Amino acid sequence: MTTFDKREEAFEKRFALDEEEKFKAVARRNRMLGQWAAEKLGKSGGEADAYAKDVVSAEFDGGDDGVVHKVMADLAAKDSAATEADVRAKMGELLAVAAAQVKAGT
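The rules behind these values
Residues numbered from 1 in each chain as written. Predicted model: local features only at pLDDT ≥ 70, side-chain atom pairs only at ≥ 80, totals over all residues. Heavy atoms only, no water. Helix = DSSP H or I, 4+ residues; strand = E, 2+ residues; numbered from the N terminus. Buried < 20%, exposed > 50% of the residue type's maximum accessible area, 1.4 Å probe, protein only. Contact = heavy atoms within 4.5 Å. Areas by Shrake-Rupley, 256 points an atom, 1.4 Å probe, with all protein chains shown as cover. Lys, Arg positive; Asp, Glu negative; His and termini not counted. Charge placed at Lys NZ, Arg CZ, Asp CG, Glu CD. Expected span 1.5 Å × (residues − 1). Arc of directions from axis to C-beta. pLDDT = per-residue confidence, 0-100. Phe/Tyr/Trp six-rings, centres within 6.5 Å; stacked < 30°, edge-to-face > 60°.

Summing up its helical and strand segments, the protein has 3 helices and 0 strands in all. When its helices and strands are written in sequence order, the protein yields α-α-α. By principal-axis analysis of the C-alpha atoms, the protein measures approximately 65 × 25 × 20 Å. Scored against the burial criterion, the 106 residues of the protein give a buried share of 28%. Across the protein, every contact between residues at least 6 apart in sequence was considered, and the portion connecting residues at least 24 apart equals 55%. Accessible surface computed for the protein: about 6800 Å², of which carbon and sulfur atoms make up 54%. Looking at the protein, you have 17 positive and 21 negative side-chain charges, and the mean spots of the two groups are 4 Å apart.

Here it is in C-alpha cells:
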C-alpha cells in the first residue's frame, strides 16, 4: 500500500467517524428538543419520553424541517406562544450541547 493509499484510507475513516458523530448529535439534539417541547406541552415521565422518541422519528420523515413541523404543530395545538424561530433557536442551542456530549462520550 502506498503512502497515498494510506492517507486516503485515513481520510475515509475520519469522514465515516465524523458522519457517525454528526448523526448521534442530531438524534440526541432531537431527543432533548422533544423533552423541552414535552415540558411545554405539560407532559412528564413516560409520556414525555414517548413524545421525545416521536420527535426523533420526525427527523427520518423530513429532516430538520420535519422536526420543526412536528414540534410546531403540537405546540400550536396547545396554544403555546412558541414561534418557529424559538424552536429553531432551541435546536441550535441543543445541537451544540449534544455535539459536546457525543464528543465527550457521555
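Now for the side chain of Arg29. By secondary structure assignment, the location of Arg29 is in helix 1 (residues 3-40). Those residues within four positions of Arg29 in sequence are excluded, and the remaining contacts are Glu59, Asp64, Met91, Leu94, Leu95 and Ala98.

On to helix 3 (residues 84-104), then. In this model helix 3 runs 30 Å from its N-terminal to its C-terminal C-alpha over 21 residues, within 8% of the 30 Å that 1.5 Å per residue would give. Residues Val87, Lys90, Met91, Leu94, Ala98 and Val102 constitute the buried set of helix 3. Seen along its axis, helix 3 keeps its buried residues to an arc of 110°; they face one direction. In helix 3, those exposed residues whose orientation departs by more than 90 degrees from the buried face are Ala85, Ala96, Lys103 and Ala104.

With 99% of its residues at a pLDDT of 70 or more, the protein shows a mean pLDDT of 92. For the protein, the element scoring lowest by mean pLDDT is helix 1, at 92; helix 3 scores highest, at 95.

This part takes up the packing of aromatic side chains. What the rule picks out here adds up to 1 aromatic pair. When the centroid spacing of 6.4 Å and the interplanar angle of 35° are considered together, the rings of Phe23 and Phe60 count as tilted. Of the two residues, Phe23 sits in helix 1 while Phe60 sits in helix 2 (residues 45-77), which places them 37 residues apart along the sequence.

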